[in-house]
Every structure is written in C-alpha cells, then in structure tokens.
Amino acid sequence: GAVATPGNFSSCLVSNGVKNFSLPTSPSYAGLLNSSIFNLRFTLPSVAGPAAVVLPESRDELRRAILCARPSSLAIRVRSGGHSYEGLSYTTENHVPFVVVDLANLNRVRVEPGSATAWAESGATAPISRHDMAEIVRYLSTGPTGSIQLDPYGGAMARVGSSETPFPHRARNLYSIQYGVIWDRSQVARAEEFIGWLRSFYKFMAPYVSKDPRAAYVNYQDLDLGVNNWTRAAGWSSAEAVARARTSWGK
Ligand SMILES: Cc1cc2nc3c(=O)[nH]c(=O)nc-3n(C[C@H](O)[C@H](O)[C@H](O)COP(=O)(O)OP(=O)(O)OC[C@H]3O[C@@H](n4cnc5c(N)ncnc54)[C@H](O)[C@@H]3O)c2cc1C
C-alpha cells in the first residue's frame, strides 16, 4: 500500500472527524505546542517540533487520532500535564518525526461517593483553564518583576468546619493569591509606577477571583479591598461590630 506521510495523517484526521489539531503552518501551532511545556529549554528553535499537535475532544476522538498516527511514519507522544523533566511528552530523540496527542481536553473528574473513589482523566490539571492561565502569564510579563503565589485550598482542609479555627477559607476557595512586585534601591523613584502596575494587574484579575465580595484572608489585610473598622458604633453589640468588620474585609 501507499506509504503514509504526515500529510496523510492530517487528511486521515479530517476524514475521521477529528477537527481540533494544529499543523506547523497554522498560527495556533506554537501557542498550542508551548502551552504546557514546563521546561522552556525545549521551546528553543533548535528543538524539532511535532508534525502536528492533536487535542482530542473525547476518548473516541483519541482512539481515532491514534489509529491515524499508527500507519503513518509518525511516532506518538502523549501529553497530559507536560511536566516531564526530560520533555518526553513533546519531543523525540534523533529527530524522529512525531505527533503530540495532547489530552488537555480530556479533563473530567468523576467522584463515586459510594466507593470513595475519584476518577480523573489525565488532562485534568489546575482548575484554572489553560487559556485563562496563559492570559494571566501574558499580563505578568508586561510589567516590572511581578509575581503571584497561589496557595491551594479546599481538599482535605474542608474536613474541618470553617468556624472551627480562626482560618475559615476552605471548600469552594480554590486558592489564596498573593501578588507581589519587586524593585531595588536604585529604582525607588519609580515605586509608584510599579505599585500602579500591580494595581492594574490586580484589577485585571477581577474576573478570575471571588466576587461580591472579593475576599481576602484577614492576615493578608488588603487596603484596596477593605478597612479596619473595629470601633463599636452606638447601640451596636460587639458581635455586630465584628460582623461589620468581617464584611468590610469581604468575609
Ligand atoms: C517542578 C517539578 C516538580 C515535580 N514535583 C514532583 C513531585 O513532587 N512528586 C512527583 O511524583 N513528581 C514530581 N514531578 C514529576 C512529575 O510529576 C512527572 O514528570 C509527571 O509524569 C508529570 O505528569 P504530566 O501529566 O505533566 O506528564 P507529561 O509530561 O504529560 O508526560 C510524562 C510521560 O508520560 C507519558 N504520558 C502522558 N500522558 C499519558 C497517558 N495518558 N497515558 C500514557 N502515557 C502518558 C508522556 O508521553 C511522557 O512520556 C515534578 C516535576 C516538575 C517539573
């Protein structure tokens, strides 16, 4: 029979209804390929890229993509999170032509409470979508040396009731985020500019974080969100004063 080629691979995908793939000639190719390359050494131009990045939307599409790649001259690299230290999910040795089958869209998590079992498809990663994370990283790269630190909440923490310790943030709080911007002594005159940038980044993050109110952990007091207001107004009980102070901190 005819020798299969990378070109045959893409026409095989199309004729088998697998639409979500990108070829090196496509404008989306670099973005998709680099979207989860953790070790940026492997994004250098000297590293040969795949003949295609395929993102199956279902297990059936995954099966059809593999069946198209098999008869071609292409090796298959399956990518889940792309964290492999050696870049094994998106490279080959000796320039062997290959395709990346990226499982990012196979990201469902199913919990079976009866058997206390959870099944996670291997594309399931952070609860923030790749697109949103890429936007956040892009914004971070526009400014001075900025950083965000995401501390994950929820999970086993939720076994402790939110009123049982002074730290109430548990289930339904995905992360606590700390925003930072760094400058050195020689740049002191630009401090307001840097803080202004951090505020613009903070504003940019509004669609991604808690709303009505935007909440803050009390030990990370944030004067852009609320104020200390512990004084007891005439006629208020101390419980009301505490409740009001909590509201003013978004709690
Ligand atoms: C900064 C850093 C910290 C780390 N910390 C830890 C740690 O604390 N503990 C720990 O255990 N590990 C740690 N690792 C290692 C990491 O967890 C492993 O590399 C893991 O394999 C990454 O998963 P991934 O889904 O991102 O893999 P990928 O990079 O997507 O794939 C890794 C390998 O598995 C193959 N593969 C991917 N998906 C599938 C699939 N569905 N079926 C079959 N094969 C598949 C790929 O082709 C590749 O060969 C760390 C890695 C980094 C970069």
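Cut-offs applied
Residues numbered from 1 in each chain as written. Predicted model: local features only at pLDDT ≥ 70, side-chain atom pairs only at ≥ 80, totals over all residues. Heavy atoms only, no water. Salt bridge = Lys/Arg side-chain N within 4 Å of Asp/Glu carboxyl O. Helix = DSSP H or I, 4+ residues; strand = E, 2+ residues; numbered from the N terminus. Buried < 20%, exposed > 50% of the residue type's maximum accessible area, 1.4 Å probe, protein only. Near = heavy atom within 4 Å. Polar contact = N/O pair within 3.5 Å; in protein donor to acceptor, adjacent residues only side chain to side chain. Nonpolar A, V, L, I, M, F, W, Y, C, P; charged D, E, K, R; others polar.

Undergrad: Is there a simple way to think about the pattern of salt bridges in this case?
TA: A pair can form between side chains of opposite charge whenever their charged atoms are brought close. Evaluated as defined, the whole model comprises 7 salt bridges. For Arg79, the salt bridge is made with Asp102, and the minimal N-O distance between the two is 2.8 Å. Pair noted here: Arg79 is in strand S3 (residues 75-79) and Asp102 is in strand S4 (residues 98-102), with a separation of 23 residues, a long-range link. Relative accessible area serves as the criterion here: at 0%, Asp102 is assigned to the buried category. Among the salt bridges present, the one from Arg190 reaches Glu193, with a minimum N-O distance of 2.7 Å.

Undergrad: What is the right way to read the site of the ligand from this model?
TA: Not every one of the 13 residues close to the ligand is listed here, only the nearest: Val78, Ser80, Gly81, His83 and Ser89. Within the side chain of Ser80, an N or O atom sits 2.5 Å from a nitrogen atom of the ligand. Broken down by class, the residue content of the shell around the ligand amounts to 5 nonpolar, 7 polar and 1 charged.

Any link to function would need more than the numbers given here.
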